[in-house]
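Architecture at a glance
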Amino acid sequence: MKKIRKAVLPVAGLGTRVLPATKVIPKEMLPVVDRPIIEYVVDEARQAGIEHIVFVTGRGKGAIEDHFDQAFELETNLRQKDKQQALAELQAHLPVAGSTSFVRQQAPLGLGHAIWCARDIIGDEPFAVLLPDVLIQAEQGCLAQMVEIYHDKGGNIIAVDEIPELDVDKYGVIDPVSQEGNVYKMRGMVEKPAIGTQPSCLKITGRYILQPEIFGLLENQQTGAGGEIQLTDAMDRLMQTQAFYAYQYQGTDFDCGNKLGYLRAFAHFALARPELAQAARVILQDALTQNQ
Ligand code: G1P
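Residues numbered from 1 in each chain as written. Predicted model: local features only at pLDDT ≥ 70, side-chain atom pairs only at ≥ 80, totals over all residues. Heavy atoms only, no water.

A few points about the site of the ligand
Put simply, the rule is: Residues are classed as near a molecule or strand on a simple rule: at least one heavy atom within 4 Å of it. N or O atoms closer than or at 3.5 Å make up a polar contact, with two conditions inside protein: a donor-capable atom paired with an acceptor-capable one, and, for residues adjacent in sequence, both atoms drawn from side chains. Per-residue and other accessible areas follow the Shrake-Rupley method at a 1.4 Å probe size, with only the shown protein chains counted as cover for residues. Using a grid of 1 Å spacing that covers the protein atoms alone, one calls a set of points a cavity when a 1.4 Å probe fits there but cannot get out, and a pocket when the set is open and has protein on both sides within 12 Å along at least five of seven lines; lining residues are those with an atom within 4 Å of a point. Cavities and pockets are treated as containing a molecule whenever more than half of the molecule's atoms lie within 2 Å of their grid points. Gly is placed with the polar residues, together with every amino acid not listed as nonpolar (Ala, Val, Leu, Ile, Met, Phe, Trp, Tyr, Cys and Pro) or charged (Asp, Glu, Lys and Arg).
Every residue near the ligand is listed here: L111, L131, V134, Y171, G172, E191, K192, I204, Q230 and T232. In the environment of the ligand, an oxygen atom lies 2.7 Å from a nitrogen or oxygen atom belonging to the side chain of K192. At a separation of 2.6 Å, an oxygen atom of the ligand approaches a polar backbone atom of I204. Calculation on the ligand without its partners gives an accessible area of 380 Å², and the protein chains cover 82% of this total. A majority-of-atoms criterion places the ligand in the largest pocket. Classifying every residue of the shell around the ligand gives five nonpolar, three polar and two charged.

Side note on unusual backbone geometry
Put simply, the rule reads: A helix here means a DSSP run of H or I that spans at least four residues, while a strand means a run of E at least two residues long, and both kinds are numbered starting from the N terminus.
Following L19, the chain continues to P20 via a peptide bond in cis, the omega torsion being 0 degrees. Position of P20 among the secondary structure elements: in the loop between β1 (6–10) and β2 (31–32). Positive phi outside glycine occurs at V33, with the angle close to 60 degrees. Its place among the elements puts V33 in the loop between β2 and β3 (35–36). Its identity as a non-glycine residue notwithstanding, D82 has a phi of 60 degrees, on the positive side.

Digging into helix α10 (residues 259–271)
Rule in force here: Expected helix span is taken as 1.5 Å per residue step, with the number of steps being one fewer than the number of residues. Exposure is judged per residue with a 1.4 Å probe applied to protein chains only, and the accessible area is read against the type maximum: over 50% gives exposed, under 20% gives buried, and values in between give partly exposed. The directions considered for the arc are those from the helix axis to the C-beta atoms. The contact criterion used is simple: two residues touch if any of their non-hydrogen atoms lie within 4.5 Å.
With 13 residues, α10 extends 19 Å between its outermost C-alpha atoms, agreeing within 8% with the 18 Å of an ideal straight helix rising 1.5 Å per residue. For α10, every residue scored as buried is listed here: G261, Y262, A265, F269 and A270. The arc enclosing the buried residues of α10, seen along the axis, measures out at 160 degrees, which places them on a common side. Turned more than 90 degrees from where α10 packs its buried face, K259, L260 and L263 sit exposed. Those residues of α10 that are buried lie in contact with β2, α1 (37–47), β7 (134–137), β13 (252–255) and α11 (274–290).

Details of the nonpolar core
Put simply, the rule is: Definition used in this section: a nonpolar core is a set of buried Ala, Val, Leu, Ile, Met, Phe, Trp, Tyr and Cys residues joined via side-chain atoms within 4.5 Å.
Counting residues in each nonpolar core, the largest one holds 80 residues, and the members touching the most others are L9, I158, I174, I214 and M235. With seven residues, the top contributor of residues to this core is helix α7 (residues 142–153). Sequence-distant contacts of I158, that is, excluding residues within four places in its chain, are made with M146, I174, M186, M189, I204, R207, Y208, M235, F244, Y245, A246 and Y247. Membership of the second largest hydrophobic core comes to five residues, among which are V168, Y171, V173 and C201.

Concerning the packing of aromatic side chains
The following threshold applies: Note on aromatic contacts: the rings of Phe and Tyr and the six-membered ring of Trp form a pair at centre separations within 6.5 Å, being stacked when their planes are under 30 degrees apart, edge-to-face when over 60 apart, and tilted otherwise.
Counting across every chain of the model gives six aromatic pairs. For the pair F55 and F102, a centre-to-centre distance of 4.8 Å together with 10 degrees between the ring planes defines the contact as stacked. Here F55, found in strand β4 (residues 52–57), pairs with F102, found in strand β5 (residues 100–104); they are 47 residues apart in sequence, far enough to count as distant. For F102, a relative accessible area of 27% puts it in the partly exposed group.

What about the pattern of salt bridges?
The criterion, for reference: Salt bridges are defined by distance alone: a side-chain nitrogen of Lys or Arg within 4 Å of a carboxyl oxygen of Asp or Glu.
For the structure on display, the rule yields 18 salt bridges. Close ionic contact of D175 with R187 constitutes a salt bridge, the shortest N to O distance being 3.3 Å. Of the two residues, D175 is situated in strand β9 (residues 172–180) and R187 in strand β10 (residues 183–191); the sequence distance between them amounts to 12 residues. Given the relative accessible area of 55%, R187 is considered exposed. If you follow the salt bridges from partner to partner, you end up with K3, R5, K6, E51 and E125 in one network.

Some words on the layout of surface pockets
We apply this condition: Grid points are joined across faces, edges and corners, and a volume is the space filled by probe spheres set on the points.
A volume near 1100 Å³ is recorded for the largest pocket. Looking at the largest pocket, it is lined by 39 residues, and the ones nearest its centre are R17, K27, D133, K192 and E228. Secondary structure elements with two or more residues in the lining of the largest pocket: α5 (111–116), β11 (202–210) and β13. Considering each element in turn, the lining of the largest pocket owes the most residues, five residues, to β11. Residues belonging to the lining of the largest pocket are distributed by class as follows: 16 nonpolar, 12 polar and 11 charged. Within this model, the second largest pocket holds a volume of roughly 700 Å³. Considering the residues around the second largest pocket, the lining is formed by 30 residues, among which R35, E39, Y40, D43 and H93 are closest to the centre. Those elements that place two or more of their residues in the lining of the second largest pocket are β3, α1, α3 (72–80), α4 (84–92) and β7. Ranked by residues supplied to the lining of the second largest pocket, first place goes to α1 with six residues. Considering only residue class, the lining of the second largest pocket consists of 13 nonpolar, five polar and 12 charged.

Okay, here's the thing in structure tokens:
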């Protein structure tokens, strides 16, 4: 069984649901507490043993590339001012030289097309996909949990989670046939079904382990929901010929691509920081009392 060494992070999206905050700043660079969203996702990938990250970027996303580069002047400045802790923090998140690639998705043709743009860099090996809109708070990172399942079962794996029926038209949703512990077998999946037509209320959460045959399917794929080339449609076809599992991960996900999901993430991640938790709780309680 080939190891999962590489991960694709599609970061070309325009962030229209959080405008005007994302007019100039990539949505992946918005902070949650004191770190950009993308850094949490990269950490999750690294914890799962990922050695190389492929960012699929677009115009105006240069800040992401800069964020994962050495900031020579800033670091010199911190060193001169003896700000060792801030310096150590920056250096801890600097990727090893040569362990990141950046490829441009030249037009916003959909998530499936974004992943296809990484095909040459991924080559002929299984790989992970992490959608950076989605932050997952978990004791063991969600992708690391999935890698464990992969070592046991192989094939393709997606993370899923239960959602209210009223939200099914915002996500990809699976059609499960059987369940063994936290792992489902499926007969299909559908992207953004109309409410009332969904095969289940289990949404695709934005973490994937995929076999490279997905690229061949994406190559000539018709557009699907929203007029976009959908990853879900290609996975639905891959499932006809390869083992495919859905895994109910342990943890909580936050959709930072919309205002309330972002707010929720900010509150939860602040409360999870031991040095901030107590003060954050007071601030949140005050805000509630003053706005009743
Ligand atoms: C994408 C995927 C969808 C998945 C969702 C998770 O949708 O296409 O299957 O459920 O991410 O956040 P998007 O949020 O890009 O519309």
